[in-house]
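Inside the fold
Spelled out, the chains give:
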Amino acid sequence: MKFSDVIGQQDAKERLLQMVRENRLPHAMLFCGPVGCGKMAMAMAFASYLLCTNRKDADEACGTCQQCVMLRKWQHPDLHFTYPVIKPPGTSSDHKMVSDDFAKEWNTMLMQSAYFSIDQWLAEMGAANQQAIIYASESDELLRKMSLKSSQGGYKICIIWLPERMNGECANKLLKLLEEPPQQSLFIMVSEEPDKLLETIRSRTQRIDFKMIATEDIEQALISKRGIDSPDAHRLARAANGSWLKALEELDTGNENHMFLELFIAMMRLAYKRNIKELKKWSDEVSGFGRERQRRMLTYFLRLTRENFMYNFHNVELVYMTQDEENFAKNFSPFINEANIIELSELYSRAIRDIGQNANPKIVFFNMVLKVIVLLIQK
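Residues numbered from 1 in each chain as written. Predicted model: local features only at pLDDT ≥ 70, side-chain atom pairs only at ≥ 80, totals over all residues. Heavy atoms only, no water.

Moving on to the overall build of the protein chain. Each helix and strand counted, the protein chain has 17 helices and five strands in total. By the compact-globule yardstick of 21 Å for 379 residues, the protein chain fits well, its C-alpha radius of gyration being 23 Å. Based on the C-alpha atoms only, the size of the protein chain along its principal axes is roughly 70 × 50 × 35 Å. Taking the intrachain contacts of the protein chain between residues at least 6 apart in sequence as the baseline, contacts between residues at least 24 apart amount to 72%. Accessible area of the protein chain: about 18500 Å², with a carbon and sulfur share of 49%. Distance from the positive charge centre (48 side chains) to the negative charge centre (49 side chains) of the protein chain: 2 Å. (Helix = DSSP H or I, 4+ residues; strand = E, 2+ residues; numbered from the N terminus. Rg over C-alpha atoms; globule rule 2.2 N^0.38 Å. Contact = heavy atoms within 4.5 Å. Areas by Shrake-Rupley, 256 points an atom, 1.4 Å probe, with all protein chains shown as cover. Lys, Arg positive; Asp, Glu negative; His and termini not counted. Charge placed at Lys NZ, Arg CZ, Asp CG, Glu CD.)

Here it is as structure tokens:
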């Protein structure tokens, strides 16, 4: 993988290359940024660059040397990945879960794209309502791998995806490894919630913050990589709000957000009609979703409510909606106004919190839709 495969993030790329040129590459780095900004893609491109043996003075991996050939399938012996996994039902209590238990699924996902989310990874593993974590046994496996001599004579690199999902024992063992790193080793941690990491771990890393991808970069990538016409690419890029993943989701007509939009429209129409019976059916339906999907749906409702409020100002630069969302907003947006925007936003935020705390979803959602009836002010 090359730096040119990473969308935008030129500042981060230049900073990494400058470290290499000045021979001051730290043994541990922390890439931080929002979902879909490309920090994992940059980690993979940087690892490829460091492991390439034919880059000379170029700012890219050559793509043709033996190392690059192995990296095409992400099977380089000196590149290791650590990532959160689930413990499948029926797994023996004696079995200590490590990342390699899902190595096949992980490689399949990497071969598809360097841009992915925890939800995609959970789906790849076949998780139901299970939470993915990095178990304590992973740190022992990591120590074993990184202590081996480099098979190719260069760096030994470990990319740790979502290190904030390490359990306490694993984090403490990793800290010891960072304090006394094996020779010629490099740890790249890719985090979305760095504040959840131990302060002692953060203090031993060189932090690089990734911003949301510039709208212009997403627009250009949609045109060049996906063959989207310029006007459509511009609209999609603005709606993506700095996330390449969101831009890709909008290209998929059957994606989850389209379902969430239909649910939002149905809820608002039923609330406008004060149709309690059908709203009860609606709340029962969404109560059957997994908790992670319920939280994503509520987050979507929160965003769409904000966009409908901003739509009333008739300033296209303030609104980030897809064409389908805007079509609904043309008639619906007047019902989201100064009288209810704050209370509606707080209502969805409380529901997100309650679902995250394992509250009964049928109670949470039925209570929510009843309050929407009250808050939905007629035009």
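This brings us to the environment of Ala28. Within the secondary structure, Ala28 sits in strand E1 (residues 28-32). Residue classification places Ala28 among the buried residues on the basis of a relative accessible area of 1%. In this structure the C-alpha to C-alpha distance between Ala28 and Ile188, which are 160 residues apart in sequence, comes to 5.9 Å. (Buried < 20%, exposed > 50% of the residue type's maximum accessible area, 1.4 Å probe, protein only.)

To continue, consider the side chain of Lys145. Considering the arrangement of structural elements, one finds Lys145 in helix H6 (residues 136-147). A polar contact is formed between the side chain of Lys145 and the side chain of Asp100, at a distance of 2.9 Å. If near-sequence neighbours (up to four positions away) are discounted, Lys145 is found in contact with His80 and Asp100. (Polar contact = N/O pair within 3.5 Å; in protein donor to acceptor, adjacent residues only side chain to side chain.)

What follows deals with the nonpolar core. In this structure, Phe81, Trp106, Trp121, Ile159, Trp161 and Trp244 are the most contacted members of the largest nonpolar core, which totals 65 residues. Counting residues per element, this core draws most heavily on helix H2 (residues 39-51), at 11 residues. Apart from residues no more than four positions distant in its own chain, Trp244 is found in contact with Ile7, Gly36, Tyr115, Ile213, Ile218, Ala221, Leu222 and Arg226. One finds Leu298, Val319, Ile373 and Leu375 within the second-largest nonpolar core, a separate group that totals 43 residues. (Core = buried A, V, L, I, M, F, W, Y, C linked by side-chain atoms within 4.5 Å.)

Bringing the pattern of salt bridges into the picture now. Tallied over the full model, the rule gives 20 salt bridges. With a closest N to O distance of 2.9 Å, Lys145 and Asp100 form a salt bridge. Here Lys145, found in helix H6, pairs with Asp100, found in the loop between strand E2 (79-82) and helix H4 (103-112); they are 45 residues apart in sequence, far enough to count as distant. What makes Lys145 buried here is its relative accessible area of 10%. Since its relative accessible area comes to 37%, Asp100 is described here as partly exposed. Here Arg306 makes a salt bridge to Glu307, at a shortest N to O gap of 2.9 Å. (Salt bridge = Lys/Arg side-chain N within 4 Å of Asp/Glu carboxyl O.)

Bringing helix H15 (residues 323-332) into the picture now. Those residues of H15 lying buried are Glu325, Glu326, Phe328, Ala329 and Phe332. Across the axial projection of H15, the buried residues extend over an arc of 165°, all falling on one side. The inward-facing, buried residues of H15 abut helix H10 (230-240), helix H12 (256-272) and helix H14 (291-311). (Arc of directions from axis to C-beta.)

Right, let's get into the packing of aromatic side chains. Across all of its chains, the model carries 21 aromatic pairs by this definition. Plain terms: the ring middles of Phe31 and Phe210 are 5.2 Å apart, the flat faces sit at 50° to each other, and that makes the pair tilted. One end of the pair, Phe31, is in strand E1; the other, Phe210, is in the loop between strand E5 (206-209) and helix H9 (215-226), with 179 residues separating them in the sequence. Of the aromatic side chains, those joined through ring pairs into one cluster are Trp74, Phe81, Tyr83, Phe102, Trp106, Phe116, Trp121 and Trp161. Above the face of the Phe289 ring, Arg293 is positioned so that its terminal group lies 5.7 Å from the ring centre. (Phe/Tyr/Trp six-rings, centres within 6.5 Å; stacked < 30°, edge-to-face > 60°. Lys NZ or Arg CZ within 6 Å of the ring centre and 35° of its normal.)

Another aspect to go through is the packing of H12 against H14. Relative to each other, H12 and H14 sit at 65°, their axes nearing to 10 Å. As summarised for this structure, H12 and H14 are arranged roughly perpendicular, according to the angle between their axes. Note on packing geometry: the crossing formed by H12 with H14 is right-handed. Contacts between H12 and H14 involve Glu256, Asn257, Met259, Phe260, Leu261, Leu263, Phe264 and Met267 on the former and, on the latter, Arg293, Arg296, Met297, Tyr300, Phe301, Leu304 and Thr305. Counted by class, the contact of H12 with H14 contains 10 nonpolar, two polar and three charged residues. (Axes fitted to C-alpha atoms, helices over the stretch in contact; angles between N-to-C directions. Parallel < 35°, antiparallel > 145°, perpendicular 65-115°, else oblique. Left-handed = near helix turned anticlockwise from the far one by under 90°. Nonpolar A, V, L, I, M, F, W, Y, C, P; charged D, E, K, R; others polar.)

A few words now on the sheet that holds strand E4 (residues 185-191). Strand order in the open sheet made by the five strands is E2-E3-E4-E1-E5, with parallel pairing throughout. Two strands close off the open sheet at either side, each with one partner strand: E2 and E5. On average, adjacent strands in this sheet sit at an angle of 20° to one another, irrespective of strand direction. Sheet strands in contact with helix H7 (residues 168-179) are E1, strand E3 (156-161) and E4, and its direction is about 140° off that of E4. (Pairing = 2+ DSSP bridges.)

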